[in-house]
Number of protein chains: 2
Amino acid sequence: MAVRIDEVHRFMEESLAAVGAPLMEAKAQADLLIHADLVGHFSHGLNRLELYINDMKNGICKPAARPVILKESAATVWVDGAHALGATVGNFCMDLAIKKAKESGVGWVSAKGCNHFGMAGYWALKAEREGLIGMAFTNSAPIMTPTRSKNSANGTNPIAMAAPAGDGDSLVVDMATTAAAMGKVEIQMRKGEKIPEGWALGPDAKLTTDAELAFKSGRLMPLGGFEETSGYKGYGLSVMVEQFCSDLSGSNPSHKVSGWSYTQTQPPNMGQCFVAIDPERFAPGFQGLREKSKGLPGSLQKSGAS
Amino acid sequence: MAVRIDEVHRFMEESLAAVGAPLMEAKAQADLLIHADLVGHFSHGLNRLELYINDMKNGICKPAARPVILKESAATVWVDGAHALGATVGNFCMDLAIKKAKESGVGWVSAKGCNHFGMAGYWALKAEREGLIGMAFTNSAPIMTPTRSKNSANGTNPIAMAAPAGDGDSLVVDMATTAAAMGKVEIQMRKGEKIPEGWALGPDAKLTTDAELAFKSGRLMPLGGFEETSGYKGYGLSVMVEQFCSDLSGSNPSHKVSGWSYTQTQPPNMGQCFVAIDPERFAPGFQGLREKSKGLPGSLQKSGAS
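Note that the structure is a prediction, hence the values are computed from the model and not measured.

Below, the discussion takes up the overall build of chain A. Of regular secondary structure, chain A possesses nine helices and seven strands. A compact globule built from 306 residues should have a C-alpha radius of gyration of about 19 Å, and chain A, at 19 Å, falls within 12% of that. Total accessible area computed for chain A in this model is approximately 11400 Å², and 54% of it derives from carbon and sulfur atoms. Each charge sign in chain A was given a centre, from 30 positive and 31 negative side chains, and these centres are 3 Å apart.

Right, let's talk about the pairing of strand β2 (residues 76–80) of chain A for a bit. All names here are of chain A. For β2, the tally of buried residues reaches four of five residues, placing the bulk of the element in the interior. Note: strand β1 (residues 68–72) against β2, four bridges, orientation antiparallel. Note that in β2 the partner of glutamate 72 across the bridge is valine 77. Connecting the antiparallel pair β1 and β2 is a turn made up of three residues. By the bridge criterion, five bridges tie β2 to strand β3 (residues 106–114) in an arrangement that is parallel. Among the inter-strand pairings, aspartate 80 is bridged to a residue of β3, identified as lysine 112.

This part is about the sheet that holds strand β6 (residues 170–175) of chain B. All names here are of chain B. Spatial ordering of the open sheet is given by β1-β2-β3-β7-β4-β5-β6, a layout of seven strands whose pairing is mixed. Here the strands that pair on one side only, and so sit at the sheet edges, are β1 (68–72) and β6. Put simply, the sheet's adjacent strands are angled 15 degrees from each other on average, direction ignored. Pairing analysis gives four bridges linking strand β4 (residues 133–138) to strand β5 (residues 159–164), with the strands arranged antiparallel. Residue pairing across strands places methionine 135 opposite methionine 161, the latter belonging to β5. Together, β1, β2 (76–80), β3 (106–114), β4 and β7 (270–277) form the strand contacts of helix α4 (residues 86–104), whose direction differs from that of β3 by roughly 160 degrees.

With that out of the way, let us pick up the relation of the copies chain B and chain A. Screw-axis analysis of chain B against chain A gives a translation of 0.0 Å along the axis, an RMSD of 0.0 Å, and a rotation angle of 180 degrees. Seen this way, the second copy is the image of the first under a two-fold rotation axis. Among all C-alpha atoms of chain B, that of glycine 224 of chain B lies closest to the rotation axis, at 2.1 Å. Of the interface residues in chain B, 100% have counterparts in chain A that sit at the interface too, so the contact is made through matching surfaces.

The next thing to look at is helix α1 (residues 5–18) of chain A. All names here are of chain A. With 14 residues, α1 extends 20 Å from end C-alpha to end C-alpha; this agrees with the ideal 20 Å at 1.5 Å per step. If you check which residues of α1 are buried, you get Val8, His9, Met12, Ser15 and Leu16. End-on view of α1: buried residues confined to an arc of 135 degrees, all on one side of the axis. Where α1 is buried, its residues contact α2 (23–38) and α3 (49–57). In the segment just after α1, glycine 20 is the residue with positive phi, at about 115 degrees.

What follows concerns the interface of chain B and chain A. Listed as interface residues are 72 residues of chain B and, on the opposing side, 73 residues of chain A. When chain B packs against chain A, close to 5800 Å² is buried across both sides, 68% of that on carbon and sulfur atoms. Applying the counting rule to chain B against chain A returns zero salt bridges. There are 22 residue pairs in polar contact (both at pLDDT 80 or more) connecting chain B and chain A. Elements represented by at least two residues in the side of chain B that touches chain A include exactly β2, β3, β4, β5, β6, α8 (231–249) and α9 (286–292) of chain B. Considering every element that reaches the side of chain B that touches chain A, the biggest residue donor is α8 of chain B, with 15 residues. Split by residue class, the side of chain B that touches chain A holds 40 nonpolar, 22 polar and 10 charged.

As a further point, take the nonpolar core. Ranked by internal contacts, the top residues of the largest apolar core, which has 58 residues, are Trp108 and Phe244 of chain A together with Trp108 and Phe244 of chain B. Counting residues in each nonpolar core, the second largest holds 38 residues, with Val77, Ala101, Leu125 and Ala160 of chain B among its members.

Residue and element names in this part refer to chain A. Reading across the sheet, the seven strands line up as β1-β2-β3-β7-β4-β5-β6 and stay open at both edges, with mixed pairing between neighbours. Of all the strands in the sheet, the pair left with one neighbour each is β1 and β6 (170–175). Averaged over all adjacent pairs, the angle separating strand axes in this sheet is 15 degrees, with direction ignored. Strands in contact with helix α4 (residues 86–104) are β1, β2, β3, β4 (133–138) and β7 (270–277); relative to β3, the strand with the most contacts, it is inclined by about 160 degrees. Sheet contacts for helix α5 (residues 120–128): β4, β5 (159–164), β6 and β7; angle to β5, the most-contacted strand, approximately 25 degrees.

This brings us to the environment of lysine 126 of chain A. Residue and element names in this part refer to chain A. You can see lysine 126 is positioned in helix α5. Between the alpha carbons of lysine 126 and aspartate 95 there is a distance of 8.5 Å; along the sequence they are 31 residues apart. Among residues more than four places away in sequence, those in contact with lysine 126 are Asn91, Met94, Asp95 and Ile98.

Right, let's talk about the packing of aromatic side chains for a bit. In total, this model carries 14 aromatic pairs over all chains according to the counting rule given. Measuring from centroid to centroid gives 6.5 Å for tryptophan 123 of chain B and phenylalanine 274 of chain B, while their planes differ by 85 degrees, and the two rings are edge-to-face. Of this pair, tryptophan 123 of chain B sits in helix α5 (residues 120–128) while phenylalanine 274 of chain B sits in strand β7; the two residues are 151 residues apart in sequence, bridging distant segments of the chain. Here the two residues tryptophan 123 of chain B and phenylalanine 274 of chain B agree in accessibility, since each one is buried. Connected via pairs of aromatic rings, a cluster forms that spans Phe117, Tyr122, Trp123 and Phe274 of chain A.

Criteria and thresholds
Residues numbered from 1 in each chain as written. Chains lettered and ligands numbered in written order. Predicted model: local features only at pLDDT ≥ 70, side-chain atom pairs only at ≥ 80, totals over all residues. Heavy atoms only, no water. Helix = DSSP H or I, 4+ residues; strand = E, 2+ residues; numbered from the N terminus. Rg over C-alpha atoms; globule rule 2.2 N^0.38 Å. Areas by Shrake-Rupley, 256 points an atom, 1.4 Å probe, with all protein chains shown as cover. Lys, Arg positive; Asp, Glu negative; His and termini not counted. Charge placed at Lys NZ, Arg CZ, Asp CG, Glu CD. Buried < 20%, exposed > 50% of the residue type's maximum accessible area, 1.4 Å probe, protein only. Pairing = 2+ DSSP bridges. Axes fitted to C-alpha atoms, helices over the stretch in contact; angles between N-to-C directions. Contact = heavy atoms within 4.5 Å. Least-squares fit on C-alpha atoms with pLDDT ≥ 70 in both. Expected span 1.5 Å × (residues − 1). Arc of directions from axis to C-beta. Buried area = accessible area lost by both parts, 1.4 Å probe. Salt bridge = Lys/Arg side-chain N within 4 Å of Asp/Glu carboxyl O. Polar contact = N/O pair within 3.5 Å; in protein donor to acceptor, adjacent residues only side chain to side chain. Nonpolar A, V, L, I, M, F, W, Y, C, P; charged D, E, K, R; others polar. Core = buried A, V, L, I, M, F, W, Y, C linked by side-chain atoms within 4.5 Å. Phe/Tyr/Trp six-rings, centres within 6.5 Å; stacked < 30°, edge-to-face > 60°.

Here it is, written out as structure tokens:
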């Protein structure tokens, strides 16, 4: 059975409104989730609606709350997300980053008091549509086991970057700093297939290729996998994301962020970071430069690498 | 035989001066190289002196040149490195990024006309010593083979970040976006040992564990290795670095940067990017926050991850 996109959007909007989201906020959250489905990131779309609604029912997400500016300078803003919906905080913060980038060349916004903001690339693309380079980062509940550790400490801590390219195209990088997302482990589990070596550790903190064991263990390996293939680099990147998200904003660090559950009573208080850079402040022909490299050997400069 | 550090420094300084570097520039370049040796990055220290000197003899590095500001706004500077020594351009650009960060919260500097700037972490640490978060990026000659490609297109394109921590300590991430640096392949070759799967491809663009073949092939794999272990993420990161370095600055992209050789006649015209962020513009207690997380399970927040 096929369902029209606008019908899915209406369903999400009204569901969110039914548990207390103001209409504008419900629409923005539905826009965020449907974008993920439209670009094929089904793990971050409609399938998560129930989790967002549950967070609102539990009172750990406050859909009518408004984010607040705590400190501001020419190129920076420190924000309290006030536990509002992910899309409410994302739009508030990226609008500020865009404004600062247009005024000062760069806008760097870090926010505490955040809930899940969906796919990170959505926020980077918001700046890209203004002709800017956009970046977005978030921390998350600890399911990544650092190199030489037995237990998980960091989140999947994604890095997203989007930049305008020629012919109305864009370059998008949107990636967890783990080797693979937990959603990919789940897919292998449902198919009854193994996972590759280097994705995850079992509950004994040793290599596993058993998808179900990996799913239950919650010990994803950092990008790079084992130490001999430089897994500590993925770990280093996740720590860099932690700096931008929790250390700058004063939010919970990853290891104190609670995972999504139906019995949660404390807001996750995640940290998020939104950056916009105006390429017009640098060499002329930013989009044109990339245009010229089209078709060169191995060039992915015009297509996504997420 | 042990040689005193100050004697090594004097040797480097006088060698650089002998082929035309002004005394200040020779000293700065010697400071950069000796730092790498002191922190154990022997691949980026004294062993490279001959390459820098050769570049000056060939006239592709112009040691008396001064970098020039081409465009400037509250938080950004576009610089022409004028093919000066790596340390000359690095100091010029990071000093500007630091100044902008102190004035506007963030300083973002992209430069064209660059030569090799040594270890990227050295430049990030320059901002860290001012109480700022520092970042540094550079592109380089193409020795990384993108996912699904047969030939190399991008450089090792490193990402470096440094941030002040408690007790005078610092957090440093300094990593090539390839699975392993070519220097590591070279070490395995000299030891007559194999390299792990996921480091490099042979001349046929297929997996090799033969260090000598990998060294001659010049086809390093991106961080993450093969596609099934998310090598496209390392590739995506190297493209992100390319944006900051060559697309913003108008320098050569990686695939046009010439490798170090004794017969080179054209300047490499690399692109480099230097960023400083003032944590005081965000939540109070930036260093203290990290301090509190010391000793938590899996926390690497106080030590380097390079």
